[in-house]
Amino acid sequence: MSKTPGVCQSCGMPLLSQTDYGTEADGTSSSQYCHYCYQKGAYTDPNATVDQMAEKAGAIMTQMFAMPPDKAKEFSKMQIQNLYRWSGKIIPSCESCGMPLISDQDAGTETDGTRSLRYCTHCYQNGAFTEPDLTRETMVKKYAPMLASQYGMPIAKAEEMVERFTGTLSRWQ
């Protein structure tokens, strides 16, 4: 896993440019949080709960990606509960598909059989990608229909969402 998370560790927003990052008390950029969640070394809403954050994030996802509000909140909560602010630890994510590597069973394997700290079992086994010729464009086309179906959103918006999110993953940079 890279040192700097690709998403805000409070709300899950992709951190795509320097302007996305919040600030520490000394004015430097936060390495973990977006400017909506963290400013001057403190949370902008210190009393927020996971459910409240999922409600806010879900509303944004509904607006951006035309996801039904109940599905957007469900998706947001599933993602947010694994972030540092809520779980108390940085849970690595697959640097190919973004799946959280919560348990050892989620992790792929290296050539010596040890667990990968960078990739999930679906993307990486025995030290190699399971789909070595997969491109980012193909990944978007592959995963967007599943996302659209599961969360009731238009396919074009699902493609946009997958495209945006995969921009934070090291395999596709």
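For the structure, check the block above.
It should be emphasised that the depicted structure is a prediction, and the values quoted were computed from it without experimental measurement.

K.L.:
So what about the packing of helix α4 (residues 136–151) against helix α5 (residues 155–166)? Which residues, and what values?
P.N.:
Direction vectors running N to C along α4 and α5 enclose 130 degrees, while the axes themselves pass 8 Å from each other. Of the possible angle classes, the one that applies to α4 and α5 is oblique. Relative to α5, α4 is oriented so that their crossing is right-handed. Contacts from Arg136, Met139, Val140, Lys141, Tyr143, Ala144, Pro145, Leu147 and Ala148 of α4 reach α5 at Ile155, Ala158, Glu159, Met161, Val162, Glu163 and Thr166. A per-class count over the contact of α4 with α5 returns 11 nonpolar, one polar and four charged.

K.L.:
How would you sum up α4? Please name residues and give values.
P.N.:
Since the α-helix advances by 3.6 residues per turn, residues separated by three or four positions end up pointing in the same direction. Relative to the 22 Å expected for 16 residues at 1.5 Å per residue, α4 spans 21 Å between its end C-alpha atoms, a close match to the ideal helical length. If you look at α4, its biggest bend is around 30 degrees, right at tyrosine 143, and the proline proline 145 turns up within four residues after that. Among the residues of α4, Met139, Val140, Ala144, Leu147, Ala148 and Tyr151 are the ones counted as buried. Lining the buried residues of α4 we find α2 (69–80) and α5.

K.L.:
Just give me the short version of the environment of isoleucine 155, but keep the residues and values in it.
P.N.:
Tracing the backbone shows isoleucine 155 in helix α5. Expressed as a C-alpha distance, the spacing of isoleucine 155 and tryptophan 86, which sit 69 residues apart in the sequence, is 31 Å. Apart from residues no more than four positions distant in its own chain, isoleucine 155 is found in contact with Ala144, Pro145 and Ala148.

K.L.:
Any details on the packing of helix α1 (residues 50–65) against α2? Residues and values, ideally.
P.N.:
Contact geometry of α1 with α2 gives a least axis separation of 7 Å together with a crossing angle of 125 degrees. Considering the angle they form, α1 stands oblique to α2. Crossing hand, α1 versus α2: right-handed. Contact residues: Val50, Asp51, Met53, Ala54, Glu55, Ala57, Gly58, Met61 and Thr62 in α1; Pro69, Ala72, Lys73, Phe75, Ser76, Lys77 and Ile80 in α2. Partitioning the contact of α1 with α2 into residue classes produces nine nonpolar, three polar and four charged.

K.L.:
Residue-level account of the pairing of strand β6 (residues 115–120), with values.
P.N.:
One ladder, built from two bridges, connects strand β5 (residues 107–109) with β6; its direction is antiparallel. Bridging across to β6, threonine 109 finds its partner in arginine 115. Here β5 hands over to β6 after five residues, with glycine 113 in that stretch at a positive phi of 90 degrees.

K.L.:
I'd like a description of the pattern of salt bridges, backed by residues and values.
P.N.:
Counted by the stated rule, this structure contains nine salt bridges. With a closest N to O distance of 3.0 Å, aspartate 45 and lysine 56 form a salt bridge. Here aspartate 45, found in the loop between β4 (42–43) and α1, pairs with lysine 56, found in helix α1; they are 11 residues apart in sequence, far enough to count as distant. Aspartate 45 gets classed as partly exposed once you look at its relative accessible area, which sits at 27%. A salt bridge links lysine 157 to glutamate 160, with the shortest nitrogen-to-oxygen separation between them at 3.6 Å. Remark: glutamate 160 and lysine 157 occur in helix α5; sequence separation between them is three residues, near one turn of the helix. Under the relative-accessibility criterion, lysine 157 is labelled partly exposed at 28%.

About the cut-offs
The written sequence of each chain sets the order in which its residues are numbered from 1. The model is predicted, so local features are restricted to residues of pLDDT at least 70 and side-chain atom pairs to those at 80 or more, both for listing and for counting; the totals for chains, interfaces and linings are taken over all residues. Note that water and hydrogens are dropped before the side-chain values are worked out from all heavy atoms of the structure. For helices, the fitted axis covers only the stretch in contact; all axes are lines through C-alpha atoms, and the angles between them, taken along N-to-C directions, range from 0 to 180 degrees. The helix and strand labels rest on DSSP assignments: H or I over at least four residues marks a helix, E over at least two residues marks a strand, and numbering proceeds from the N terminus. Reported orientations rely on four angle classes, namely roughly parallel under 35 degrees, roughly antiparallel over 145, roughly perpendicular from 65 to 115, and oblique for the rest. Crossings are sorted by hand: turned counterclockwise from the far helix by less than a right angle, the near helix makes the crossing left-handed, and turned clockwise it makes it right-handed. Here, residues are in contact when the closest pair of their heavy atoms is within 4.5 Å. The nonpolar class holds Ala, Val, Leu, Ile, Met, Phe, Trp, Tyr, Cys and Pro. Asp, Glu, Lys and Arg form the charged class, and all remaining residues, Gly among them, are polar. Multiplying 1.5 Å by the helix residue count minus one yields the expected span of that helix. The angle between axes fitted to the seven residues ending at a residue and the seven residues starting there is what we call the bend at that residue. Only protein chains enter the accessibility calculation, which uses a 1.4 Å probe. A residue is then buried if its area is under 20% of the maximum for its type, exposed if over 50%, and partly exposed in between. A pair of strands is labelled paired if DSSP reports no fewer than 2 bridges between them. Salt bridges, as used here, are contacts in which a Lys or Arg side-chain nitrogen is within 4 Å of a carboxyl oxygen on Asp or Glu.

These results come straight from atomic positions and should not be treated as a statement about function.
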